[in-house]
Amino acid sequence: MTKVYCDTCVYRDAFEGRKAKYRDFDDFAWDFFNKVMNDKFVLVTSDWVFEEFKKTVGNDKKLVELLSEMKESQKIHVTKEKEDVDKAKKLSPGNWQDALHVVLAMKADAFFLTTRNIKDFVEFKDLIEIVLPEHL
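One structure accompanies this document, and this report is about it. In this text the structure is predicted, and so the values were computed from the model without any measurement. Each chain carries its own residue numbering, running from 1 in the direction its sequence is written. With pLDDT at 70 or above as the cut-off, local features in this predicted model cover only qualifying residues; side-chain atom pairs require 80 or more to be listed or tallied, and sums for whole chains, interfaces and linings still use all residues. Only hydrogens and water are set aside when side-chain values are computed; all heavy atoms of the structure are taken into account.

### Some words on the overall build of the protein chain
Move 1: A run of DSSP states H or I qualifies as a helix once it reaches four residues; a run of E qualifies as a strand once it reaches two. Both are numbered from the N-terminal end. Within the protein chain one finds 7 helices and 5 strands.
Move 2: Mapped from its N terminus to its C terminus, the protein chain presents α and β elements in the order β-α-α-β-α-α-β-α-α-β-α-β.
Move 3: The size measure is the radius of gyration over C-alpha atoms, and the globule rule it meets is 2.2 Å times the number of residues to the 0.38 power. In terms of C-alpha radius of gyration, the protein chain reaches 14 Å, essentially the compact-globule figure of 14 Å for 136 residues.
Move 4: With the principal axes as the frame, the protein chain shows a C-alpha extent of 35 × 35 × 30 Å.

### A few points about the state of the cysteines
Move 1: The disulfide criterion is simple: two cysteine sulfur atoms within 2.5 Å. For the coordinates displayed, the defined rule picks out 0 disulfides.
Move 2: Here Cys 6 is not disulfide-linked; the sulfur of Cys 9 is the nearest cysteine sulfur, at 7.3 Å.
Move 3: Three labels apply to residues, based on accessible area from a 1.4 Å probe with only protein chains included: buried if under 20% of the type maximum, exposed if over 50%, partly exposed otherwise in between. Look at Cys 6 and you get buried, because its relative accessible area is 0%.

### Topic: the packing of helix 5 (residues 82–91) against helix 6 (residues 96–107)
Move 1: It is at 8 Å that the axes of helix 5 and helix 6 come closest, and there the two elements cross at 125 degrees. Judged by the inter-axis angle, helix 5 sits oblique to helix 6. In this structure, the crossing between helix 5 and helix 6 has a hand that is right-handed. For the pair formed by helix 5 and helix 6, the contact residues are Asp 84, Val 85, Lys 87, Ala 88, Lys 89 and Leu 91 on the first element and Trp 96, Ala 99, Leu 100, Val 103, Leu 104 and Lys 107 on the second. What counts as an axis is a line fitted to C-alpha atoms, over the stretch in contact for a helix, and the angles between N-to-C directions run from 0 to 180 degrees. Orientation labels follow simple angle bins: below 35 degrees gives roughly parallel, above 145 gives roughly antiparallel, 65 to 115 gives roughly perpendicular, and whatever is left gives oblique. By definition, any crossing whose near helix is turned counterclockwise from its far helix by less than a right angle is left-handed, and any crossing with a clockwise turn is right-handed. Throughout, a residue-residue contact means that at least one pair of heavy atoms, one from each residue, lies within 4.5 Å.

### A few points about helix 2 (residues 25–37)
Think of an α-helix as 3.6 residues a turn; residues three or four steps apart then line up on the same face.
Move 1: Here the expected length of a helix is defined as 1.5 Å per residue gap, with one fewer gap than residues. Taking 1.5 Å per residue, 13 residues should reach 18 Å; helix 2 reaches 19 Å between its end C-alpha atoms and fits that length.
Move 2: Of all the residues in helix 2, the buried ones are Phe 25, Asp 26, Ala 29, Phe 32, Phe 33, Lys 35 and Val 36.
Move 3: Here the buried face of helix 2 lies against strand 1 (3–6), helix 1 (8–16), strand 2 (42–46), helix 4 (61–68) and strand 4 (112–114).
Move 4: Just past helix 2, the residue Asp 39 takes up positive phi, approximately 65 degrees.

### A word on the environment of Val 49
Move 1: Structurally, Val 49 can be placed in helix 3 (residues 47–57).
Move 2: For Val 49, a relative accessible area of 1% gives the class buried.
Move 3: Once the C-alpha coordinates of Val 49 and Tyr 5 are considered, the two residues, 44 residues apart in sequence, prove to be 9.8 Å apart.
Move 4: Sequence-distant contacts of Val 49, defined by excluding residues within four places in its chain, comprise Tyr 5, Cys 6, Thr 8, Tyr 11, Leu 63 and His 101.

### A look at unusual backbone geometry
Keep in mind that most residues, glycine aside, have a negative phi and that most peptide bonds are trans.
Move 1: We note that Asp 39 has phi near 65 degrees; this positive angle belongs to a residue other than glycine.
Move 2: With respect to the element layout, Asp 39 can be found in the loop between helix 2 and strand 2.
Move 3: In this model, Asp 109 sits at a positive phi of 60 degrees, which is unusual for a non-glycine residue.
Move 4: Residue placement: Asp 109 occurs in the loop between helix 6 and strand 4.
Move 5: Judged by its relative accessible area of 59%, Asp 109 falls in the exposed class.

Below you can see the structure in the form of structure tokens.
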């Protein structure tokens, strides 16, 4: 099954009900998570996602709840190591936080990295396929 690393913003879209002028980002996010729960993709998470999520939201309760609803076969978790952070900083010194998502996605052999912030990841397009959740 295809592994998909999910950037923090997609979780926030789902849990915060984020919307744009003519689009409901939360619908796209939940559609993706439902595909994972229907065994169409394997979700790749990381401790870096948890850190970012806690920093922006305040806690990781909703993230933990979502993941607890998924079967073990539907998810993979990767943990960053010092070497991963170093690699991310070398890959993109000015954007190492997003580069770290890419490094961790590649560490888990993810095929896609899904994000709402395509522009933040454009420099990594030759390393992993960057897609909006609605394009999966």
